[in-house]
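Now for the letters of each chain:
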Amino acid sequence: MRYYISDLHFYHESLLTKMDCRGFADIEQMHEYIKNQWNKKVRPRDDVVILGDVSIERGRKTSEILEQLNGRLYLIRGNHDRFLYDRRFDASRFGWIKDYEELNDNKRKVVLSHYPIFCYHGQYRRDKEGNPKTYMLYGHVHDTQDEVLVDRFIRETMNHRHKNPGQDKELPIPCQMINCFCMFSDYTPLSLDEWIENDRFRRDRIRREEER
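Predicted, not measured: the structure shown is a model, and the values here were computed from it.

## Structural notes on the overall build of the chain
What the chain contains, in helices and strands, is four helices and 10 strands. Starting at the N terminus and ending at the C terminus, the chain contains elements arranged as β-α-β-α-β-β-β-β-β-α-β-β-β-α. In terms of overall size, the chain behaves like a compact globule, its C-alpha atoms giving a radius of gyration of 18 Å where 212 residues would be expected to give roughly 17 Å. The principal-axis extent of the C-alpha atoms belonging to the chain is close to 55 × 40 × 30 Å. Among the 212 residues that make up the chain, the fraction classed as buried is 50%. Considering only contacts within the chain whose residues lie at least 6 apart along the sequence, 66% involve residues at least 24 apart.

## Things to note about unusual backbone geometry
Here Asp 7, not a glycine, exhibits a phi torsion of approximately 60°, which is positive. Topologically, Asp 7 is positioned in the loop between strand S1 (2-5) and helix H1 (27-41). In this structure, Lys 107 takes a positive phi of about 70° despite not being glycine.

## Details of the side chain of His 31
Turning to its location among the elements, His 31 is positioned in helix H1. Residues within four places of His 31 in sequence aside, it is in contact with Phe 10, Tyr 11 and Ile 65.

## Section: the pairing of strand S3 (residues 72-76)
Burial of S3 is extensive: four of the five residues sit out of reach of the surface. Two strands pair when backbone bridges link them, and strand S2 (residues 47-50) and S3 are joined in this way by four bridges, in the parallel orientation. Bridge pairing in S3 places Val 49 opposite Tyr 74. Where the polypeptide runs from S2 across helix H2 (residues 59-66) and back to S3, its parallel neighbour, the crossover connection is right-handed. The pairing of S3 with strand S4 (residues 94-98) spans three bridges and is parallel. If you follow Leu 73 over to S4, its bridge partner there is Phe 94.

## Structural notes on the pattern of salt bridges
Pairs can form between side chains of opposite charge once their charged atoms are near each other. Counting across every chain of the model gives 23 salt bridges. A salt bridge links Arg 60 to Glu 64, with the shortest nitrogen-to-oxygen separation between them at 3.2 Å. Of this pair, Arg 60 and Glu 64 both sit in helix H2, four residues apart, which is roughly one turn of the helix. In this structure, Asp 86 engages Arg 88 in a salt bridge whose closest nitrogen and oxygen atoms are separated by 3.2 Å. According to the relative accessible area criterion, Asp 86 is buried, its value standing at 13%.

## Describing the environment of Gln 123
Among the structural elements, Gln 123 can be located in the loop between strand S6 (108-113) and strand S7 (134-138). Residue classification places Gln 123 among the buried residues on the basis of a relative accessible area of 5%. Put simply, Gln 123 and Lys 133 are 10 residues apart on the chain and 8.1 Å apart in space, counted from C-alpha to C-alpha. Residue contacts for Gln 123: discarding those within four places in its chain leaves Phe 118, Thr 157, Ile 173, Pro 174 and Cys 175.

Conventions adopted
- Residues numbered from 1 in each chain as written.
- Predicted model: local features only at pLDDT ≥ 70, side-chain atom pairs only at ≥ 80, totals over all residues.
- Heavy atoms only, no water.
- Helix = DSSP H or I, 4+ residues; strand = E, 2+ residues; numbered from the N terminus.
- Rg over C-alpha atoms; globule rule 2.2 N^0.38 Å.
- Buried < 20%, exposed > 50% of the residue type's maximum accessible area, 1.4 Å probe, protein only.
- Contact = heavy atoms within 4.5 Å.
- Pairing = 2+ DSSP bridges.
- Right-handed = clockwise from strand over helix to strand, strands pointing away.
- Salt bridge = Lys/Arg side-chain N within 4 Å of Asp/Glu carboxyl O.

Quick look at the structure:
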C-alpha cells in the first residue's frame, strides 16, 4: 500500500500555538501522537511519500524520530528540510529524495510537489468514463489564507469547460489538487483514494459554511 502525508514539522514547537495551533501541551506530546497515529495505519512494507517539511531539527534527532515510524519512506523536499544537509542525517532512511515526482497509483497519475502547482501536468486528462486521470498532491500552505486562495482557484477552474481532442462535448476542467496537510488527516498517512474522499468532504464542508 502507498500512503501520502505532508508538513509533519517534527520539533517545530511554535506551531503548537501559532499558525497551526495544533493543541498539544508540548512537542513531546505531539511527537507521541503522530507516531501512534502513523504506526496504527502504516505497516513495515507500506510505502509513505512525505510531501515535505518533515522536521526543523538537525540530522541526528530527525533520523532518530524517523526510525520510529513504520514503512518505507520517500521524500519530496520541503523548504524546512534543512536537516538533509547535515552529515549526521541518515539519508538511507528515504528510498529517494526529490523536489518533484510523477507516479502511477492504481492506473492514475499522481503529481507530487511540496508546493501547489496550479497548471500541473495531465490536468485535463480523463479516462473513458470521464473520470480524472491525474491528481496533484501538495503541502506547504497548511490551513492558511494561501489554502483559501488555492480553493478559490480550484472552484474557478472547475467552472470552466474545455473540449479535449476526441471528446464530443465540452466538460468542466478536472482540477484535482489535494492538500495532504497532516492535520487534515489527524496526522495519519492516507492512500490516494482516502485523500480524494477526505479532500472532497473538507472542501464541500467549507462551501456549505460559506453559503450560510
